[in-house]
Amino acid sequence: MSGALAERVFADKLEAVGFTDLVVVDRRPFGLRDAARYPLFTPDLIELMHRLLPEERQDQVAIAITATVVKPPSEADHPDDTADTAGTDPARAP
Amino acid sequence: MPAEEQDTIAPVDPDELRAEVRSKYREVAVDPTGEHHFHTGRFLAHHLGYDAAWVDPLPDHAVESFAGIANPFALRPLRAGEVVVDVGAGAGFDTFVAASQVGSDGVVIGVDMTPEMLDKSRRNARNMGLDNVEFREGLAESLPVDDGAADVVISNGVFNLCPDKRAVFDEAFRVLRTGGVLQFADIANGNPVPPGAMREIDLWTG
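It is worth spelling out the overall build of chain B at this point. A tally of regular secondary structure across chain B gives nine helices and five strands. What you see in chain B, going N to C, is helices and strands ordered as α-α-α-α-β-α-β-α-β-β-α-β-α-α. The buried share of chain B, reckoned over its 206 residues, is 50%. Contacts spanning at least 24 positions in sequence make up 73% of the contacts within chain B whose residues lie at least 6 apart.

All names here are of chain B. Residue position: His 61 is located in helix H4 (residues 60–63). Look at His 61 and you get partly exposed, because 16 C-beta atoms sit within 10 Å. Here the alpha-carbon distance between His 61 and Ser 23, two residues 38 residues apart in the chain, equals 20 Å.

Time to look at unusual backbone geometry. Residue and element names in this part refer to chain A. For Asp 21, which is not glycine, the phi torsion reads 55° and is therefore positive. Note that Asp 21 resides in strand E2 (residues 20–30). Overall, Asp 21 belongs to the exposed group, with 10 C-beta atoms counted inside 10 Å.

With that settled, the discussion passes to the confidence of the model for chain A. Considering every residue of chain A, the mean pLDDT works out to 77; 77% of them sit at 70 or more. Within the model, the stretch residues 81–94 of chain A combines pLDDT values under 50 with 15 contacts to residues more than four positions away or in other chains.

Residue and element names in this part refer to chain B. Most of strand E2 (residues 107–112) is tucked away: six of the six residues are buried. Covered by surrounding structure in E2 are Val 107, Ile 109 and Val 111 together with Val 108, Gly 110 and Asp 112, the residues of both alternating faces. Alignment of strand E1 (residues 83–87) against E2, held across five bridges, turns out to be parallel. Following the sheet pairing, Val 87 is matched in E2 by Val 111. Since E1 and E2 lie parallel, the crossover through helix H5 (residues 93–102) that links them has a hand, and here it is right-handed. As judged from the five bridges shared by E2 and strand E3 (residues 133–137), these two strands associate in the parallel manner. Note that in E3 the partner of Val 111 across the bridge is Arg 136. Of the crossover connections in this fold, the one passing from E2 over helix H6 (residues 115–128) to the parallel E3 is right-handed.

Take the pairing of strand E4 (residues 150–156) of chain B next. All names here are of chain B. In terms of burial, E4 is largely enclosed, as seven of its seven residues are buried. With four bridges joining them, E1 and E4 adopt parallel strand pairing. Across the sheet, Val 84 pairs through a bridge with Val 152, a residue of E4. Examined bridge by bridge, E4 and strand E5 (residues 176–189) share six bridges and lie parallel to one another.

How each quantity is defined
All chains use their own residue numbering, which begins from 1 and follows the written sequence. Naming scheme: in the order in which they are written, chains are lettered from A and ligands are numbered from 1. Local features are withheld for residues below a pLDDT of 70 in this predicted model, meaning they are given only at 70 or higher, and side-chain atom pairs are given and counted only at 80 or more; totals for whole chains, interfaces and linings count all residues. Numbering of helices and strands starts at the N terminus; helices are DSSP runs of H or I of at least 4 residues and strands are runs of E of at least 2. Exposure criterion: with C-beta atoms placed from backbone coordinates, a residue whose C-beta has 20 or more other C-beta atoms within 10 Å is buried, one with 12 or fewer is exposed, and one in between is partly exposed. By the criterion used throughout, residues are in contact when their C-beta atoms, derived from the backbone, lie within 7 Å. One confidence number per residue, pLDDT, is output by the predictor and ranges from 0 to 100. Only when DSSP finds a minimum of two bridges between them are two strands counted as paired. Whether a crossover is right-handed depends on one test, that the path from the first strand over the helix to the second runs clockwise when the strands point away from the viewer.

Structure below.
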């Protein structure tokens, strides 16, 4: 779980790559009971987390998010009048 | 570490992290119910809100190793004929759900780095007689897919395990066509992870 990003950082990184139109469809508290269903949390780790985390935090140690982003048209998809408009979208070249 | 700098490249050894992730998912592939305390498969899929119409027709072997975080199809079911790439496909559960949505005119390419998961997903696809799915070995940071080949990229619970998120997002962007959609489910933390925790591989995989 140390590799999980803060939601804002997630959004910033997706935007930095070029994605747009982020829609977070769902945010769900991810608690220890959820973690216990997830393969990478061993029983020992779950037990340790139960011991170390305050009870009020055990129902939300992270957030499970479901989201979508879109790859927008590039400048090459909107050439100006003087540009050569022949050819296809370079992103779809074989 | 400032949030802006969080995890451009993870402060753990990428190969060591991948080996650990492979090891744990190998267990899930080979023995999905064995010594694990966790619930995988059909129970988890229903718990996460997958439509029974997608899950119930799948045979147990195609469902039992499912270990996703949420339901990446929640906002947007796939359309018939779409080309889909499933990043971190595991034993193929989301790939098979996607295949049922895109139909025979579509294609779903599942990418995974764990050989045992690939063996299982390919075997499941053969047993189900699916000819619109294909599984390829590869990393999320270097997808074995052509530029602009995909209408949709899906992923479920994988990004948090990847040491180089920027490379992962770059690759999703590269393989999508213009106007294509990345739809994913993953774990997010409410706050940036303390640098000390980011250096512990055990805390990445758990």
